[in-house]
Amino acid sequence: MVEAVLIDLFGLPANLQNSIQGLLCNVLETIEKCSSYPAPFVYVICHQGSERNGEQESLLPTLRDFQCLKKRVEVVRALTTAAALYTIKQRLDEKDLSIIKVILPTLRKEVMKVYIDHLFTAVYQFEFEDLQVVPACENLQVDEPWSEEQTLSAEDMALIWSEIQTYLESLPSLKGELTILRSSLIPDDIFLHGFTTRAGGISYIPTLSSCNLFSSSKRRDPQVVVKENLRRLAKAAGFNPETFHRVKTDHANAVYIMGKTEPDSYDGIVTNQKGVTIAAPGADCIPVLFADPVRKACGAAHSGWKGTLLGVSMATVNAMVSEYGCNVKDILVVLGPSVGPCCYKLPHESAKEFHSIDPECVRHFDSASPFIDIRRATRILLESGGILPKNIQDDSVMDQNHNVTFCTACHPDKFYSHFRDGTNFGTQIGFISIKD
């Protein structure tokens, strides 16, 4: 069932401008007649320009005539299509709506498709209908293909992307200034590094707000928003977002050697190239950073409970040793914000594997869902592999002023947490690069 209807008057052809009230009236009549209870929310987008202000004001009496829709109809005026659609997206997300009927002029369909592809994810379902034909009741629920009458040029596509990018760059940062946590263990004269918090981006959905750095087809934050968050992070941190590489997580232990063939998925990445920033995500899983100041090489790994058990951190260390001639005793390792043993539970069967690493990695072992310390397990596995205890920073750091291994679940104001927030969760990262 259609949950929302978007009526696009932005690109209404000139020959239909005088019929705008009649067109809108016909469309709303059809929606009202065909809708079951509750009626869909209706959004009308118009161009915000002085020459059209009078025309837009004249729409208001028309909208008030529809009894069951009058509290569900909103006119959105904006200077650009990007601004209008992003405003609509916010309205949809506030109400948790995802099935949208778009009614628009035929020649706007290909253009609208590009905007939607950029600004929305696969969470949303769109159906399309021609504004110039009054739809029959049964058509309100039927998909219509994109018009093939108009093919957009590469220049058109670039202009749309530029418009979206310019609009997103103009948005204010949310939840305060962008904040980066840095470890005193990693020498800042050789490496640029840090762990992000949730402040300083433009993501507005509560569980994703605000500096979310990962987009998924299952979440509501599109890639363009994540890219804008990354641009702001890069500007604040001092790295080039065009040479940024994030691991393609699989919750396993594969490691990508920068410069070689990239695997389809991997949870570790290493490089000795200057100016290239590598990163690992985390939203309870541990973003782990590795730095060798002697051989000037670095790495990043994503270590959840599965990756921890599979030894992804030592796999990353071993890649640095084999590829760049690093001495394991020179490698520094920092564990970033992640879910702590205070909050993280696993089924008893999985807990057994952590218990076998060290009984102190498990609390309340005899319970159905014991508490697990994936950080301690990571430290033990690293030390067993030859990393010096003094070269590992985690939540055992004595000076809490230098702590970067906070519990993500315990600090909703600072960090995202899948464990705490559910499926539509945000993601922070740990990043590192070798300075030029």
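Sequence order as written defines the numbering, with residues in each chain counted from 1. In keeping with the model being predicted, local features are shown solely for residues with a pLDDT of at least 70 and side-chain atom pairs are shown and tallied solely at 80 or more, while totals for entire chains, interfaces and linings include all residues. Side-chain metrics in this entry use all non-hydrogen atoms of the structure; hydrogen atoms and water are not considered.

Going by what an unreviewed UniProt entry lists, the protein chain is known as Purine nucleoside phosphorylase LACC1 and is assigned to Atlantisia rogersi. UniProt positions are given in the numbering used here, feature names are shortened, and annotations may be inferred rather than shown by experiment. According to the UniProt record, the Subunit (unreviewed entry) comment for the protein chain reads "Interacts with FASN. Interacts with SDHA. Interacts with ATF6, EIF2AK3 and ERN1." Listed under Sequence similarities (unreviewed entry) in UniProt, the entry text for the protein chain is "Belongs to the purine nucleoside phosphorylase YfiH/LACC1 family."

A. Broad picture of the environment of Thr 408. Along the chain, the position of Thr 408 falls in the loop between β17 (392-393) and α12 (418-421). Relative accessibility thresholds used throughout: buried, under 20% of the residue-type maximum; exposed, over 50%; partly exposed, between the two (1.4 Å probe, protein chains only). Take Thr 408: its relative accessible area is 0%, and that puts it in the buried class. For the pair formed by Thr 408 and Thr 197, sequence separation is 211 residues and the distance between their alpha carbons is 9.7 Å. Secondary structure elements are defined from DSSP: runs of H or I of at least 4 residues count as helices, runs of E of at least 2 residues count as strands, and each element is numbered from the N terminus.

B. Broad picture of the side chain of Arg 232. One can find Arg 232 in helix α7 (residues 223-237). Classification of Arg 232 by relative accessible area gives buried; the value is 11%. Reaching out from Arg 232, the side chain makes a polar contact with the backbone oxygen of Glu 169 at a distance of 3.3 Å. Any two residues having at least one pair of non-hydrogen atoms within 4.5 Å are treated as being in contact. Apart from residues lying up to four places away in sequence, Arg 232 is in contact with Leu 168, Glu 169, Leu 171, Pro 172, Ser 173, Leu 178, Gly 200 and Ile 202. What qualifies as a polar contact is a pair of N or O atoms within 3.5 Å, subject to a donor-acceptor requirement within protein and to the restriction that residues adjacent in sequence count only when both atoms come from side chains.

C. How the structure looks around the sheet that holds strand β6 (residues 180-181). By definition, two strands form a pair when at least two bridges between them are found by DSSP. Spatially, five strands are ordered β6-β7-β18-β11-β8 in an open sheet, and the strand pairing comes out mixed. The sheet terminates laterally at β6 and β8 (244-246), the two strands that pair on one side only. Sheet topology note: the strand β11 (residues 277-282)/strand β18 (residues 428-434) ladder contains five bridges and is antiparallel. Each residue of the ladder has a partner; that of Pro 281, found in β18, is Ile 429.

D. Region of interest: the pattern of salt bridges. Salt bridge, as applied in this entry: a Lys or Arg side-chain nitrogen positioned within 4 Å of an Asp or Glu carboxyl oxygen. A complete count under the given rule lists 20 salt bridges for this structure. Residue Asp 8 is joined to Arg 108 by a salt bridge in which the shortest nitrogen-to-oxygen separation is 2.8 Å. Of this pair, Asp 8 sits in strand β1 (residues 4-8) while Arg 108 is found in the loop between β4 (99-104) and α5 (109-119), placing the two residues 100 residues apart along the sequence. Judged by its relative accessible area of 12%, Arg 108 is buried. Between Arg 232 and Glu 228 there is a salt bridge, with the nearest N and O atoms lying 2.6 Å from each other. Note that Arg 232 and Glu 228 are positioned in helix α7 at a spacing of four residues, about one turn of the helix. A relative accessible area of 4% means that Glu 228 is categorised as buried.

E. Structural view of the environment of Leu 309. Following the sequence through the fold, Leu 309 ends up in helix α8 (residues 305-309). Expressed as a C-alpha distance, the spacing of Leu 309 and Ile 374, which sit 65 residues apart in the sequence, is 8.8 Å. Not counting chain neighbours up to four residues away, the residues in contact with Leu 309 comprise Glu 353, Phe 354 and Ile 357.

F. Structural view of the layout of surface pockets. Using a grid of 1 Å spacing that covers the protein atoms alone, one calls a set of points a cavity when a 1.4 Å probe fits there but cannot get out, and a pocket when the set is open and has protein on both sides within 12 Å along at least five of seven lines; lining residues are those with an atom within 4 Å of a point. Grid points are joined across faces, edges and corners, and a volume is the space filled by probe spheres set on the points. In this structure, the largest pocket encloses a volume near 540 Å³. Surrounding the largest pocket, 23 residues form its lining, His 251, Cys 285, His 302, His 418 and Phe 425 being those nearest its centre. The set of elements that each furnish at least two residues to the lining of the largest pocket consists of β11, α8 and α12. Taken as a whole, the second largest pocket holds about 430 Å³ of empty space. Residue lining of the second largest pocket: 22 residues in total, with Gln 223, Lys 227, Leu 230, Pro 241 and Arg 246 positioned closest to the centre. Broken down by secondary-structure element, the contributors of at least two residues to the lining of the second largest pocket are α6 (154-170), α7 and β8. The leading source of residues in the lining of the second largest pocket is α7, at seven residues.

G. Looking closely at the packing of aromatic side chains. Any two of the Phe, Tyr and Trp rings considered here, Trp counted by its six-membered ring, make a pair once their centres fall within 6.5 Å; the pair's planes then place it as stacked at under 30 degrees, edge-to-face at over 60, or tilted in between. As enumerated under the stated definition, the model contains ten aromatic pairs in all. A ring pair is formed by Phe 120 and Tyr 124, whose centres lie 4.9 Å apart and whose planes are at 80°; its orientation type is edge-to-face. The pair formed by Phe 120 and Tyr 124 is uniform in burial state, with each residue classed as buried. Chaining the aromatic ring pairs together yields one cluster made of Phe 120, Tyr 124, Phe 126 and Phe 128. Residue placement shows Arg 72 over the ring face of Phe 41; its charged tip is 4.2 Å from the ring centre. Positioned above the aromatic ring of Phe 425, the side-chain terminus of Arg 219 is 3.8 Å from the ring centre. Note on criteria: charge over ring means Lys NZ or Arg CZ within 6 Å of the ring centre, with the direction from the centre no more than 35 degrees off the ring normal.

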